[in-house]
Each structure stands twice: as structure tokens, then as C-alpha cells.
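# Structural features, examined
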Protein chains: 2
Amino acid sequence: MILLMSIFAMPLAMAQQQSSPDGNVVLTFSLKADGTPSYKVTYKNKAVINESTLGFKIREVLSSYLLKSDETPVYSEKSLPDDSKIKKIEPLTQNFKVVDTKKSTFKETWKPVWGEESEILNHYNELLVQLQQEKTHRKMNIRFRVYNEGVGFRYEFPSQKELTYFVIEEELSQFAMTGDHTAWWIPGDYDTQEYDYTESKLSEIRGLMKQAMSDNVSQFVFSPTGVQTSLMMKTKDGLYINLHEAALVNYSLMNLNLDDKTFVFQSWLTPDAQGAKGYLQAPCHSPWRTIMVSDDARKILASRLILNLNEPCAIADTSWIKPVKYVGVWWEMITGKNSWSYTNDLPAVDLNTVDYTKTKPNGTHGATNEEVRKYIDFAAKHGFDQVLVEGWNIGWEDWFGHKKDYVFDFITPYPDFDLKALNDYAHSKGVKLMMHHETSGSTRNYERHMKAAYELMNQYGYNAVKSGYVGDILPVGEHHYSQSTINHYLYAIKEAAKHKIMVNAHEAVRPTGICRTYPNMIGNESARGTEYEAFGGNKVFHTTILPFTRLQGGPMDYTPGIFETEIKYVNPNNNSQIRSTLARQLALYVTMYSPLQMAADLPENYEKHMDAFQFIKDVPVDWQKSVYLEAEPGRYITIARKDKHSNDWYVGCTAHEGGHTSELLLNFLDKGKKYEATIYADAKDANWKTNPKAYTITKQKVNAKTKLKLTAAQGGGYAIQIRKLEN
Amino acid sequence: MILLMSIFAMPLAMAQQQSSPDGNVVLTFSLKADGTPSYKVTYKNKAVINESTLGFKIREVLSSYLLKSDETPVYSEKSLPDDSKIKKIEPLTQNFKVVDTKKSTFKETWKPVWGEESEILNHYNELLVQLQQEKTHRKMNIRFRVYNEGVGFRYEFPSQKELTYFVIEEELSQFAMTGDHTAWWIPGDYDTQEYDYTESKLSEIRGLMKQAMSDNVSQFVFSPTGVQTSLMMKTKDGLYINLHEAALVNYSLMNLNLDDKTFVFQSWLTPDAQGAKGYLQAPCHSPWRTIMVSDDARKILASRLILNLNEPCAIADTSWIKPVKYVGVWWEMITGKNSWSYTNDLPAVDLNTVDYTKTKPNGTHGATNEEVRKYIDFAAKHGFDQVLVEGWNIGWEDWFGHKKDYVFDFITPYPDFDLKALNDYAHSKGVKLMMHHETSGSTRNYERHMKAAYELMNQYGYNAVKSGYVGDILPVGEHHYSQSTINHYLYAIKEAAKHKIMVNAHEAVRPTGICRTYPNMIGNESARGTEYEAFGGNKVFHTTILPFTRLQGGPMDYTPGIFETEIKYVNPNNNSQIRSTLARQLALYVTMYSPLQMAADLPENYEKHMDAFQFIKDVPVDWQKSVYLEAEPGRYITIARKDKHSNDWYVGCTAHEGGHTSELLLNFLDKGKKYEATIYADAKDANWKTNPKAYTITKQKVNAKTKLKLTAAQGGGYAIQIRKLEN
């Protein structure tokens, strides 16, 4: 009887709570009867996360795969450890006791180098639970931070002799949903995030997985119910829930695997070449696992929880980090009009021996002196900071898909690209060139050439690089999101910082707020960008979801601004059509926050619509304040932002297939002050499919009391510039 | 009938022969009836290699593991390609036709930067067979070079649209033995060569494998009949046969797997993390596969076949490459007397945060200012060029076995090692310090720090580095002998050459004559060296085999010269005993050719035997000429070498457990000239086990007609200095 008492009493005795500053979010930690750590989360007394267990399956580090001499020799053709031979150690799942708990409060305002607002409040209540496993005496702490918009927690392993080096077989963090929520999801994958979103009930994921799995040159889908974070959900009673992670450093990326009978998600880390999901050395900690929740979708967009869970800026002098608006020699290759490659003569390139001067130019090379000068002239004329040039360097003839180690050297231009002359020309016009480093996923090769490549940039005056990781990662067997590759991306960013270079990495891991710590990471792709509009199209509602998901971790180089919505006018062989109206293309400069924004279309296409192009010229890329006016995932997003360096505001709205009508009250404007609004809207008969380029531009005087009724067409949107008038 | 004719006639019609310049070695190439390429080798009309087939099993490069949309989705927890899903392509084994054959002769004398002789003759007859596969039209050439001492062949893939990028599943080169030869072998392994040799019949390998597999911190034995090259064999009728490879570049290492019913060896390459055995891009070629043969074992030692099959020197200015005789802070750690580490306070080191000044020194750290000065003084006093210091840099507390990525930074000294002061002190005495870079197999980490590490060496005046690869290779799943790791070793050598740095890489891949092309690679370990004498001992006959095997590919930093043969006098807790007499330790400076030779014992041990030590002081490390006086694998080796820079000769003899009596005719000396010989020999009652330190030193006048009768004790040997007298 006494025994029973103690077993049943323990979970209650061990339960610990912490609330958000506003009291709406309540986190409860408890130990189950068997000593398994668990937690749950409520919001305004509604369950958000049901009881969910925490822990790890781990194994020892093997220093050799051969059994020692007292056992039978192992002969194996596969260079993988034989699972049956691995010495098992007790998992970090149960038999824990609580050694101590600590509660604290933190409140601070910090100023990002760039961002959606110039000051960010970091305010949370913390609960630190110090656990020890009964027999093994291993220590594991769990730190919870409770914000008004949700909860972050991470595992921490103090320095201890009982647990120093260990291998993660799997992290066992559960996120138990309370029902069959609606989710906006993409397939869980070890190598790509470039999927279109599917909106469905959790119970429908399995049935929809196959059609959700579009092709990519590098991809690895691990489960029929596996999905990626940031995962956006909505409950039947109107709660918006978002699961993601923050501060992914020296750890592998987390996907989520759903048990679609119980609606419990479990963490599913990215393996390395031997299936191990991480090598840890105490003292250490996991990234933060984040649960955002609100009954107002706008608050999910407004939350800075993920940035706040990252470490403060690690770069002492950030004066060289500047937001960038740019054009580039890019869309002409994406659409298939021109090529990155210089010649069609070479079935394979050996950079050690290739001599391009002996090959016949293919006539389609985009990055020629002439073409680049055209973009420089255009950029200078219209006030853009930089011109991206892709395909400037040798090696593009066989650039991916071959597991080729030495695929680029990052320093040698093609014969028709005069590195010095073009930089001189650009600088003479007040424009910079933007460097491009495609790595083809060959990370060792990039690291070998990185210093010389960055030095070349310094020599010629480049201060920003777009890097790319198309194709499978080398070393073989590693994935885009393995611990070791995650480590590579951060290495590239830190080395770039030493050279005062800003990085915009494509096909790298999705961001998790790292830009707070390393603000020279001014962009990422890590999702399906505008380029897919030329590869068949993105779903119409795509841009109404990305700010809820991909953008939670940091800005995206989405490359909006495509005015010529029918690609066949660029390349007759490409029948793709942009699934957006022209007006919505303008709105994206506001709704898709990024300190790095491209005007992606060809200069000649802009020249046909210079009135609309004026918005792209005017829109800032850094903000003092952001107001989230309307938001519903998969339906519409309307955001107002105040320029960091003036009193002007900009508004953008993006809408799904069904269109959207807004009634905006401009009460974010200074009271009693006068403004002039320039409204770039879909024309009445506009829609993305049959009449995408029908737009209107109107001006009107507005103030803080003005109400605007505006309609976004099907797949449409609107953009507004609100200029403060001299009073 | 006509059909049958043509089928049977083809092999004969296609047979092509090429002979060695002296006519003794005959190579025959032929196509079998099914179009399979094959070859055989005879020596003085005796079969050496029976008909052996050639070819490859290959597959296409997969750019993604996910099946495309017309197939069922794949969900897999393992990041390995599912074999059943890999698109198979026809192997490069049969259905070949001979398109053309070309014969040529080459004869050239070249001068190595350093070596066993100052001029090397490269004389061979070549047969190039150009093959094309019937249906696939893929081209594959086989190039044979026939030398007086054997045959080298390699596969060549010309540039062609039918075969550009491909993956080797296995190379299928056979080496069909003619009988159950005696072999001196070590277990085939993907990660280590540090095994004691076993002498047995080929048929006995399987039964002896388990006991041959001693432990190593990184090892992977792949087959119960797998063995390593260079493999030395002897036939019943007295032919000596050696199988190895030359010019291993951008390819994985070859082991040999024996079919012990037919005595056919087949090539067995080292896999990568996914089991692939190499990624090739045409035009390209394999390394050379070498078959040395003679009826005189001395000719195997005298052969330069492997060096000759390598490319000429690729370094324009080699003036900075100099042979080195050195001492070092090393044996005291190997014996367990002192430690590489500085403190015992740290269960794990994080180089980002560690502060050694806050730890308690363990009192056993070897690389202290005081200890290093002692070695500098000793080196200066006795004319050594350099002093190796291991354990000078931070990180040794947890240096291997943890799959730790950032294990060393290669630039930060421990608090008790004053980098500048010690270099200044050494230089003031005409001595250099030798750098030490232990990588612990973490190749990416080494490459990240390599430039800074080499620059530090340049800054302080180091010109040689001993590097190490103890423990499993990172990236995980790669082996010490995978293609990508092979590529790393050469990268390190080439980058070192840019900084005029000589490299002596331990635990790296066994050499294959690469030092001809990159003579700054002045040493390697890649076998069981003297250190194992302190780890329990090497077999007594070890040094009578290594010159036939390991040394065929290049010099070894064997670190001989241990005078205190009972380790307990260095470290009372170590009961190991050197399995060699003291006199044999001297002989190894002659028999184990290397341009880099260490006097490995402690200064205090040398000081007890300064008379014997004189030989180590006198013996050169670079040679004009070498004469192989006596040789029998596993029994004895006696070599005479002429100093490159004088007219003096040095003789060394090493003997197995049975001892050896030599009757030497000194007819290699200049006729009619007078010399004085100083003979360092085992005393009459010496033997390695009970009386190893009993030696005699005698002097006598000798000339080209002198006959010397000398006896090496059990596990003994002798060394002779023969000084030319002024006439």
C-alpha cells in the first residue's frame, strides 16, 4: 500500500509549472511513474500539447568496428557498424529523478542589425529541471522558456564522468497534439525543403504523402507520415500552433514523424552516413524545440520567439553588414533562355586540365561581359545596390549529379567574363557585383577553396555571396541536414564574417534564428522559391504559408518581382506560368520579409511596366516596425511595415486562390499626421491565371483614421506605399 | 562450324605478347571466348600468373536516392541506397573486342631528389590494348609495362560519351597463382597496416586469420582470406613474387582477396561510407597493379619498378627537400613513462572554451620547455638535424576514439611549451624542431586548420611535419584507405609543398611510389613500427620482411635505434622487451631505407653506449648506390650502401629468430683502394631474448677483395661502416 502510494504520488509531487509573462501559456513538467520526463502546454486553459515524453536513445561512440580479440572476428562488406554488435547503453528515457528545479524571469530589449523591427523584446519565464538517472547517475537537464507566444525547451548535458561522449540514435521528444488538426505541411526530408505545401488534416498526411513528394535532384523522404518544421497547424477551436526549432548548432536537423492514430509527433533527426543522428560531447545542449501558440494567427507572424532563443550577436563590428536590394543574371537561366555553362563541347570537365579557350562557346552563356554590363546599367539607373552574376566561373558544364569532388574552384572566370573590368565598371556606377559560389554540395571542395574565394571577393570589392548546395552532399552519405553538414554551413558563415562578407546560402539548412548571432547571414533559400514558378509553378497559396513556416527561422531570398508572368515570352520552350498576379509580386517585398531582396525579372520586362516597377524601387529592405494586419495560413497575409530610415510605411497583401478582401484601418500611422498612399492593386478583372498583369495604381491622401477597402484577386494581392507628407 | 571456328579462334587471334628488355618476363594478353580480357605472366618460361581476368563491376552515379514519381516512394531509415533500386549497368567484364594494340619501348635514367641510389634506370617494353565493349561501345584500355623484374598494368578510360561518370562496385583484377605458395601476409584491412606478418602457405591463411588480427584503435578486416599488398610470396621452385600497386592517386586502396581453393587473388578495393569503391570520371585511369618476379630475392629489393611507374617529380624547385636525421620527445610517451597530455583534470576538451592555465598539470607531460631543451642539447651535441616534439599542442587529453570533429587546432601550445623560445634556442644551436600534427583521423578539421598550421611552421622555421591519423576517419564511414581519404593525404602533401614543408605521415595509406612525384613526402609509417616493441613486441623476423613488402612503395619512419631493450628500465610498469639485439638496431639504419631516420631512444640510454651510438651518428640518410648482398624474406637481409656525399660505405644485416651467418665479399668497393671497416656486431653469446645488449666493435682494414664472415645472433644483426682511406 505504501509502495503504491509512492508510485502514484511521484508524478504529482514532481510536477512543476511555469507560465508566460501574460499568464496565457502554461508549461507543466512532470515525471511519469517510471521516471520518464514529460511536459504539457496549455494556452488560455486549453490544451495545446498533451502529455509528451522527452528523452534520447543513445549509444556509445565506437572507435572501431572490429570486435576485440575475445570475440569472433567480423568480416563485413559494408562499412556500417553491425547493429547487433553495438554495445547498447541504457537510453535516456526513464528512471529519472528530479534533483532540483530553478525558476527565473528574463526581460531585455535588444537591437538587431537588421530586421522586421528595430528593437526586439525578449521576455520569458524560465523553468530549469535538473534530472539524474537513478542507476546510471547520468545527469540531463531540461530548460523551458515560456513566452507569451509559446514555449521553447532544450536538453542540456552538464559535464559529468557518467556521460561524456555519446551518439544519438534518436531524440525522443514528443509533441502530442490534442486532435486531428489542419496542417500546412511538406514531406519530412533529409536533403530538401523545396516542396509545395499540402493543407490537410493530420490524419490525411499518409494518404497524401506520395503526391506531396515532388522530385528534387537531392532528396530523402524518410517516412509516410514525416513532415518538416516549421509546421503550421490550426485546431478546430481556432488555436494556431507552430512547431519548429531554434539555434540549430552542432546538431542534426529535426523533422517530425507523426503517429497518425494518436496525433503524436516525435522528433526525427537527420542521420549521417552511418545512420547516427549526432555525436555529442558534454557539456552540451540540444537546439531549442519551439511550440508557438495563439488564437490569433497574426501573433504567430509577430512572434520573435525563435530569434530570442538564439544567442546574441557574436560579431563585434557589424558596420559592414547592410541590407541589399539587387538584380541579377539569373532569371534568364532559370527560365532556360540562357545557360550557366560556356560551351557544349565538354561531356565532363576536369578543372585541373580544362582549357576553355579551345572550346566553342555555346552562344547561350548568360554571364557575358555584355550581359552583365546591361544589368549594371539597369541597377545603377534604378538605384539597386548589387548585381548577382551566376555562371561567371568555370565548371558549369557538368555541375551537379555526378558526385564530383572538384566541381568548382570559385576563382576562375570564363573567358567571356572580365572579373576586373566588370567590377571596375560596376563600382564606377556606384553598384557592386554579388558573388556566386555554387558548391554542388561538395562541401570539402568548398572548404578547400573558401579562403582563396573570399580573398578574391575582398580583392575585387564584393561584399556578399550567394552560395548554393544543389545535389547530393559530399562526403557521400552525408545529408544536407546532417550534423556535419550543419557544421559546414556555419563554418562558411563564420569564415565569411572574418572577410566581412555577407552570405545568402541556397539549398542549405532552413534557418532557425541563427541570423541573430551571425547577422552576416542575410539570406537563405531553404524552401520552394520563385524559381519553381519557371519549373511548372508553385501552388497559388504558397506565399500565404511561407511567413508562417519557413520565414519563422529567418529571411528567405524568395526572388519576387516577376512581371512577365508567362515564361514563354522569355523562353518559347517553357510553358510555365507564374501563379500570381503582377500586383501580388509587388506585395511580396513586404509580406516576405528579407534584408536581401531581388528584383528577379529581366530588365526588359520591367521596362514594360515602369509604373509598377516604381514600387520595387521604393520599397525598403530594413524596417523600424511591423504591424501584422491580417493573417490566415493558406488564405491571406497583410502586413504593414515602417521604413527603418524614414517615416514612410509600406503595406503588402498576398492572397490564395480564393482572393481576399481587406478592410484596413490605418491606425498604425502617426495620429494627426498626413500621408499619401500609392496603391498598387489588382484590376477588377485580374486573376493569376487568365489576367495576371491587370493592375491599377492609384494615389490618395490617408491618415490614422483612414479605412481602406481593397480586394486581392484570385492569387492576387496589393502593395501600398504610404508616404508621410511634410506637415 | 564456321561459328564455332570463330569463337574458338578469337582468343588465339587476339593474343598479344610483350617481353621484358632482358626477355625473361613475358606478358601475354588475350581475350577469352566471351570477350573477357585476360593476361598471364611467365618468368624464364615458368608460369608466374596463370590466366587471370580483368574488368570492373560498375554502376551509375546516383544523384538522388528517391525514386522518381512514376515509381513507389521509398521510405528508408538508412541513408544507404537500396541495392535493389540501383539501376544496374552492364559490367566491364566481357563482350570486349580488341580495337587496336600498340607496342613501344622506353628507356630513361632519372635522378631522385633522395633515394637508395642517385640515378634510377626506367626501362620497359609497353603493350597498350585498346578495347571496346560490343553492345555498349564503351572503351577501356589496358596498358602493360614489362620490366626485367616484373609487370605493371593499369586500366585507362578514354574520354567517351558512352562512359563518363561511373561508380566502381568492385575492380575485378585477378592474380592467379600457380600453386600453394608461401606468403608473408597481414590481414586485409580498410584502416590499418599495423599487423605482424604471418608466414604460411596460401591454403593456411583462412585458419590463421583470427590470430593474425591483433587489435588496433581503427581497423576493418573484410574477409577471412583477405590480405594486403605489398604481398610477398615464394614458390616451391624458388620464384619470388610480389604483388602491389603503384601511383595510388584519386582511387581507393587495393587489398587482395584469395580464393583458397584455386589460389586466385582478386582485387578488393576499399569502400566509402556507402560501400562504393570509387567515383571515376573519364578520361581517367586506375593505379598500376604490379607483379614483381625473380628467382633471386635480392632483385625484388633492388627493383625500382614501383617508383618508375609513378609520374616524374611535380615540384619544380626541390632544393628545400633534405633528408633528416632526428631525435625526439616521443619514446618516453610510447613507453608510457610520460604523457602527451598536460593535465588529468579534463574528462573532455572543448578547444573553443578550454583554459589550461586553470587546470592542474599532471606532472607527466613530456613536451615541456625543460625536456625539449634537453633533446635540443643532445641533438646539437651529436649532429642531429631535428628534434621532434609530440604533445606540444593543446587537445591531447581526449585525442582519439570519440569521433570528435574539432580535436586539435595545430597552432596553440600547452602553457609549458614556449614555441618561440624553444625554436630560437634550437636554431641558435643549429638544430630545427620538427612539427607534429596529430589529426586523430579528423580530416576535415585538419584541412580547415592546415593553412594556418603550415604558416605557423613557416613563421617559426619548421620545415618538416610528422602527421598522424590515429583512430577512425572522420567524415564517419570513410576509411583510412577510401578514395576520399587517399585524396586528403595527397592534398596535405601538395599544400605542404606550397609552404616548402616535408611530410612524414603516420597511419596514412601505405605508399605506392608517390614520393617520386612529391619528394617532400619523406616518410610514412603505414606498418607496424618500432613503437609496437613497447606495446608487447614485433615478431623477431619483422625487419626481414618489411623491405620486401611495406618498403616497396616508399620509405618508412621505422624509428629504430632502441638501445635499452627492456622497457621496464624506462617505465617500470611496461614489461615489453625489444625483440632485437642492440647491434641489429644499428643495422636497421641501413636495411630499412629512409631519408628520414630517427634515433628513437632516450638520450640517457644512448649515453650508456656512446661507442655503439657512434654508428647512428655516422650513418648517412641519403645514398649514391645500394648493393643487395643477401636476402631471403623472413630470414635475413644484408645491404651495402654508398653514402651520396662521400666514398664511404655502410652495411647492415638483420636476421630472424634463427640468426644468420654471412660470408660477404666486399667487391662493391673501389678496386685497388683501401678502406677501414668498423664492425658493430652481436657478441658471440648475444641473442635478442636473454642477452640483447652484448655487442662488439672491431676495426679492420678492408678492400674489394676482402671476405668477411659475420654472424648475426638470434634476432640479431650487424652494422659496418667502411671508410675510404686517403691513398
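Residues numbered from 1 in each chain as written. Chains lettered and ligands numbered in written order. Predicted model: local features only at pLDDT ≥ 70, side-chain atom pairs only at ≥ 80, totals over all residues. Heavy atoms only, no water.

### A short note on the overall build of chain A
- Helices and strands together make up the secondary structure of chain A, namely 13 helices and 36 strands.
- Projecting the C-alpha coordinates of chain A onto the three principal axes gives extents of approximately 85 × 70 × 50 Å.
- A total of 727 residues make up chain A; the buried ones form 66% of that total.
- Taking contacts inside chain A between residues at least 6 apart in sequence as the whole, the part at least 24 apart equals 72%.
- As displayed, chain A has an accessible area near 25,000 Å², and 49% of this comes from carbon and sulfur atoms.
- Each charge class in chain A was averaged separately, 82 positive and 86 negative side chains, and the resulting centres sit 5 Å apart. (Helix = DSSP H or I, 4+ residues; strand = E, 2+ residues; numbered from the N terminus. Buried < 20%, exposed > 50% of the residue type's maximum accessible area, 1.4 Å probe, protein only. Contact = heavy atoms within 4.5 Å. Areas by Shrake-Rupley, 256 points an atom, 1.4 Å probe, with all protein chains shown as cover. Lys, Arg positive; Asp, Glu negative; His and termini not counted. Charge placed at Lys NZ, Arg CZ, Asp CG, Glu CD.)

### As for the UniProt feature "domain: Glycosyl-hydrolase 97 catalytic" (unreviewed entry) in chain A
- UniProt records the feature "domain: Glycosyl-hydrolase 97 catalytic" (unreviewed entry) at residues 330-527 of chain A, using the numbering of this structure.
- Secondary structure over residues 330-527 of chain A splits into 31% helix and 13% strand, and the C-alpha atoms at its two ends are 18 Å apart. (UniProt positions renumbered as here; feature names shortened; annotations may be inferred.)

### Concerning the nonpolar core
All names here are of chain B.
- Ranked by internal contacts, the top residues of the largest apolar core, which has 197 residues, are Phe144, Phe157, Phe175 and Phe265.
- Shared between two domains, this core takes at least three residues from each, and those domains are domain 1 (16-65 + 83-309) and domain 2 (324-580 + 590-619).
- The residues contacting Phe144, other than those within four sequence positions of it, are Leu27, Phe29, Tyr39, Leu54, Asn125, Glu126, Leu127, Val129, Val151, Gly152 and Phe153. (Core = buried A, V, L, I, M, F, W, Y, C linked by side-chain atoms within 4.5 Å. Domains from an automatic or database assignment.)

### Things to note about the pattern of salt bridges
- With the rule as written, the count across this model stands at 88 salt bridges over all chains.
- The salt bridge partner of Asp355 of chain A is Lys358 of chain A, with a shortest N-O separation of 3.6 Å.
- In this structure Lys358 of chain A comes out as exposed when scored by relative accessible area, which is 71%.
- Ionic pairing is found between Arg298 of chain B and Asp296 of chain B, a salt bridge with its closest N-O pair at 3.0 Å.
- Ionic contacts of the salt-bridge type, sharing partners, join the residues Glu126, Arg143, Arg145, Arg154 and Glu156 of chain A into one network. (Salt bridge = Lys/Arg side-chain N within 4 Å of Asp/Glu carboxyl O.)

### Side note on the sheet that holds strand S36 (residues 717-724) of chain B
Residue and element names in this part refer to chain B.
- Strand order across the open sheet formed by 6 strands is S29-S30-S31-S36-S33-S34, with antiparallel pairing between neighbours. In this open sheet, the two strands that pair with only one neighbour each are strand S29 (623-632) and strand S34 (695-702). Going from strand to strand, the sheet's axes swing by 15 degrees on average, the running direction of each strand aside.
- Sitting on the sheet, helix H12 (residues 610-618) is in contact with strand S31 (649-655), strand S33 (675-682), S34 and S36, with an inclination near 65 degrees to S36. (Pairing = 2+ DSSP bridges. Axes fitted to C-alpha atoms, helices over the stretch in contact; angles between N-to-C directions.)

### Here we look at the pairing of strand S17 (residues 254-259) of chain A
All names here are of chain A.
- Summarising burial for S17: 5 of the 6 residues are buried, a large majority.
- Note: strand S14 (residues 226-228) against S17, 3 bridges, orientation antiparallel. Bridging from a neighbouring strand, Gln228 pairs with Asn255 of S17.
- Judged from the 6 bridges that link them, S17 and strand S18 (residues 264-269) form a sheet pairing that is antiparallel.

### Description of the domain arrangement of chain A
All names here are of chain A.
- The domain architecture assigned to chain A consists of domain 1 (16-65 + 83-309) and domain 2 (324-580 + 590-619).
- Of note, the centres of domain 1 and domain 2, computed from C-alpha atoms alone, are 32 Å apart.
- Facing the 55 residues of domain 1 at the interface are 50 residues of domain 2.
- Both faces combined, the contact of domain 1 with domain 2 buries some 4,200 Å², and carbon together with sulfur accounts for 57% of it.
- Of all residues in domain 1, Trp114, Glu194 and Tyr197 give up the largest surface area on contact with domain 2, accounting jointly for 20% of the area buried on that side.
- In this structure, the connection of domain 1 to domain 2 is made through 2 salt bridges.
- Counting across the domain 1 and domain 2 interface gives 34 residue pairs in polar contact (both at pLDDT 80 or more). (Buried area = accessible area lost by both parts, 1.4 Å probe. Polar contact = N/O pair within 3.5 Å; in protein donor to acceptor, adjacent residues only side chain to side chain.)

### What to know about the side chain of His506 of chain B
All names here are of chain B.
- In this structure, His506 sits in strand S26 (residues 502-506).
- Residue classification places His506 among the buried positions, given a relative accessible area of 2%.
- A distance of 2.9 Å separates a polar atom in the side chain of His506 from a polar atom in the side chain of Asp557.
- What His506 contacts, discounting residues up to four positions off in sequence, is Lys466, Ser467, Gly468, Tyr469, Glu525 and Asp557.

### Examining helix H7 (residues 419-428) of chain A
All names here are of chain A.
- Of the residues making up H7, those classed as buried are Leu419, Leu422, Asn423 and Ala426. In an axial view of H7, the angular spread of the buried residues amounts to 100 degrees, which keeps them on one side of the axis.
- Phi turns positive, to about 75 degrees, at Gly430, one or two residues after H7. (Arc of directions from axis to C-beta.)

### Concerning the packing of aromatic side chains
- Enumeration over the complete set of coordinates arrives at 78 aromatic pairs over all chains.
- Consider the rings of Phe615 of chain B and Tyr680 of chain B, whose centres lie 5.2 Å apart with planes at 65 degrees: the pair is edge-to-face. Placement of Phe615 of chain B in helix H12 and of Tyr680 of chain B in strand S33 is noted, with a sequence separation of 65 residues between them.
- On the basis of relative accessibility, which here comes to 3%, the residue Tyr680 of chain B falls in the buried class.
- Of the aromatic side chains, those joined through ring pairs into one cluster are Phe29, Tyr39, Phe56, Phe144, Phe153, Tyr155, Phe157, Phe166 and Phe175 of chain A. (Phe/Tyr/Trp six-rings, centres within 6.5 Å; stacked < 30°, edge-to-face > 60°.)

### A look at the environment of Thr543 of chain B
Residue and element names in this part refer to chain B.
- Mapped onto the fold, Thr543 is located in the loop between strand S27 (521-524) and helix H10 (582-591).
- With near-sequence residues (within four places) excluded, Thr543 lies in contact with Tyr558, Arg584, Leu588, Ile637 and Thr654.
- There is a polar contact of 2.7 Å between the side chain of Thr543 and the side chain of Thr654.

### Remarks on the sheet that holds strand S30 (residues 636-643) of chain A
Residue and element names in this part refer to chain A.
- Read from one edge of the open sheet, 6 strands run S29-S30-S31-S36-S33-S34, paired in antiparallel fashion. On the outer flanks of this sheet lie strand S29 (623-632) and strand S34 (695-702), each paired with one strand and no other. The average undirected angle you get between the axes of adjacent strands in this sheet is 15 degrees.
- In this structure, strand S33 (residues 675-682) lies alongside S34, joined through 8 bridges in antiparallel fashion. From the neighbouring strand, Glu676 faces S34, where its bridge partner is Lys701.

### Some thoughts on the packing of helix H11 (residues 582-591) of chain A against helix H13 (residues 610-618) of chain A
All names here are of chain A.
- Between H11 and H13, the shortest axis-to-axis distance is 9 Å and the interhelical angle comes to 10 degrees. The angle between H11 and H13 falls in the class roughly parallel. Judged by residue contacts, Leu582, Leu586, Tyr589 and Val590 of H11 engage Ala612, Phe615 and Ile616 from H13.
- Residue composition of the contact of H11 with H13, by class: 7 nonpolar, no polar and no charged. (Parallel < 35°, antiparallel > 145°, perpendicular 65-115°, else oblique. Nonpolar A, V, L, I, M, F, W, Y, C, P; charged D, E, K, R; others polar.)

### Remarks on the confidence of the model for chain A
Residues and elements named next belong to chain A.
- Per-residue confidence for chain A gives a mean pLDDT of 94, with 94% of residues at or over 70.
- Note that pLDDT drops below 50 for residues 64-74; the model gives that stretch 26 contacts with residues more than four away or on any other chain.
- Low pLDDT (under 50) marks residues 76-82, which in the prediction has 25 contacts with non-local residues, meaning those over four places away or in another chain.
- Here the complex is predicted with pTM 0.95, and the ipTM for its interfaces comes to 0.94. (pLDDT = per-residue confidence, 0-100.)

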